[in-house]
Amino acid sequence: MSDGGTLVIRLGYRGAEFAGFAEQPGGVRTVAGELRRALETALRRPCELVCAGRTDAGVHALSQYVSVPVTGEELALPGGRLVRSLVALTPDDVSIRGIYRAPAGFSARFDAVSRSYRYRIATTEARPVLAWDHAWWYRGRLDVDAMALAARPLLGEHDFRSFCKASSAVDKPTCRYVSALDVSRVEEAGEELVAIDVTGNAFLHNMVRTIAGTLVEVGRGHRDPSWVEGVLAARER
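Within each chain, residue numbers correspond to sequence positions counted from 1 in written order. Residue-level local features of this predicted model are given only where pLDDT is at least 70; pairs of side-chain atoms are given and counted only at 80 or more, and the full residue set underlies all totals for whole chains, interfaces and linings. In computing side-chain values, all of the structure's heavy atoms are included and hydrogens and water are not.

Caption draft 1: Summary view of the environment of threonine 214. Tracing the chain through its elements places threonine 214 in helix H5 (residues 207–219). By relative accessible area, which is 9% here, threonine 214 ends up buried. In sequence terms threonine 214 and tryptophan 227 are 13 residues apart; their C-alpha atoms lie 9.4 Å from each other. Dropping the residues within four chain positions of it, threonine 214 is found in contact with Phe163, Trp227 and Val228. Here a helix means four or more residues in a row that DSSP labels H or I, a strand means two or more in a row labelled E, and each is numbered from the N terminus. When accessible area is computed with a 1.4 Å probe and restricted to protein chains, residues below 20% of their type maximum are described as buried, those above 50% as exposed, and intermediate ones as partly exposed. For this analysis, residues touch if any pair of their heavy atoms sits within 4.5 Å.

Have a look at this one:
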């Protein structure tokens, strides 16, 4: 496909019914599996997908970028027509939010500048309504200021071995750069939540969830904010 290029798809999805983004053995339902089948039907050939970053089971996305090498003829297809085809071919928990053209060799994974995640926590006694399927319902008080203070040592480039799934760190580099990590109270659709927003160059398996859980230990008063710096330095899950 030297005379071709790359299609880049901006994808959204509700992750509740998916076993994560990446295709897996055993026939489990994945985002990549649904998108690949739709693309192969639309383009009438096998397709190879590359995503900006794999997401775990249950994770939702608003802007996940996926790149697909294409021929020159496929690159010239009207974008609107291809969007309509993919919308018709994908299930209703997947959203085709845009299609872009890029040069040959472009990779959604290796050319990505950063990735951002928001982890939501509902801290009310009342059961969340609209946030139910995308927030952790924690029925207790969280000290947001203490959590924000505890998060500061995680900024910058560090070895985040303490914050990833142990089996995924075997013989693999675990240094990552976190450029922003904010803890705040937000209101979404009329419900008050605690939001943990993390931006970095890349993330390890379960890294964001582990950071969130660690900060909650501080927020609930079980640990001092200085404890998080020690967890980071330990490099031990």
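From this point, the discussion proceeds with the structure in view.
Caption draft 2: Structural view of the side chain of glutamate 191. Mapped onto the fold, glutamate 191 is located in strand E9 (residues 191–200). Asp and Glu count as negative and Lys and Arg as positive, but His and the ends of the chain are not part of the count. Only one rule defines a salt bridge in this text: a Lys or Arg side-chain nitrogen within 4 Å of an Asp or Glu carboxyl oxygen. The side chain of glutamate 191 sits in the buried core without any salt bridge; arginine 120 is the nearest counter-charge, 9.1 Å away. Nitrogen and oxygen atoms within 3.5 Å of one another constitute a polar contact, given that in protein one can donate a hydrogen and the other can accept it, and given that sequence-neighbouring residues count only through two side-chain atoms. Within polar-contact distance, the side chain of glutamate 191 engages the backbone nitrogen of valine 129 at 2.6 Å. In this structure glutamate 191 touches Pro128, Val129, Leu130, Ala131 and Val186, once residues within four positions along its chain are discounted.

Caption draft 3: Looking closely at helix H4 (residues 144–151). Within H4, the full set of buried residues consists of Val144, Ala146, Met147, Ala150 and Ala151. Looking straight down H4, one finds its buried side chains confined to an arc of 160°; they lie on one side. Those residues of H4 that are buried lie in contact with strand E8 (175–188), E9, H5 and helix H6 (227–234). Where H4 begins, the side chain of aspartate 143 points an oxygen toward the backbone nitrogen of aspartate 145, at a separation of 3.2 Å. It is the directions from the helix axis to the C-beta atoms that the arc portrays.

Caption draft 4: Representation of unusual backbone geometry within the structure. Its identity is not glycine, yet arginine 44 carries a phi of approximately 65°, on the positive side. Counting through the fold element by element, arginine 44 comes out in the loop between helix H1 (31–43) and strand E2 (50–51). The exposure class assigned to arginine 44 is exposed, which follows from its relative accessible area of 77%. Of note, the phi angle at asparagine 206 is positive, near 70°, even though the residue is not glycine. Following the sequence through the fold, asparagine 206 ends up in the loop between E9 and H5.

Caption draft 5: Representation of the pairing of E8 within the structure. Bridge count for strand E7 (residues 156–159) against E8 is 4 bridges, and the pairing is antiparallel. The residue of E8 that forms the bridge with glutamate 157 is tyrosine 177. Being paired, for any two strands, means DSSP has found at least two bridges between them. With 10 bridges joining them, E8 and E9 adopt antiparallel strand pairing. Bridging across to E9, valine 183 finds its partner in isoleucine 196. Hairpin connection of E8 to E9: 2 residues between the antiparallel strands, including alanine 189 at a positive phi of 50°.

Caption draft 6: Here's a closer look at the nonpolar core. We call a set of buried Ala, Val, Leu, Ile, Met, Phe, Trp, Tyr and Cys residues a nonpolar core when their side-chain atoms join them within 4.5 Å. Phe163, Ile196 and Leu215 are the most contacted members of the largest nonpolar core, which totals 31 residues. Those elements that place two or more of their residues in this core are H4, E8, E9, H5 and H6. Not counting chain neighbours up to four residues away, the residues in contact with phenylalanine 163 comprise Leu154, His205, Asn206, Met207, Thr210, Ile211, Thr214, Val228, Val231 and Leu232. Membership of the second largest hydrophobic core comes to 25 residues, among which are Val70, Leu82, Leu86 and Ile96.

Caption draft 7: Just the pattern of salt bridges, in detail. Under the defined criterion, the tally for this structure stands at 12 salt bridges. Put simply, arginine 14 and aspartate 92 hold a salt bridge, and the shortest N to O gap is 3.8 Å. Of the two residues, arginine 14 sits in the loop between strand E1 (5–13) and H1 while aspartate 92 sits in the loop between helix H3 (79–89) and strand E4 (94–102), which places them 78 residues apart along the sequence. Here glutamate 40 makes a salt bridge to arginine 36, at a shortest N to O gap of 3.1 Å. Here glutamate 40 and its partner arginine 36 are both found in helix H1, 4 residues apart, which amounts to about one turn of the helix. Given the relative accessible area of 24%, glutamate 40 is considered partly exposed. A cluster of three or more residues bridged by salt bridges with shared partners is formed by Arg29, Glu34, Arg37 and Asp93.

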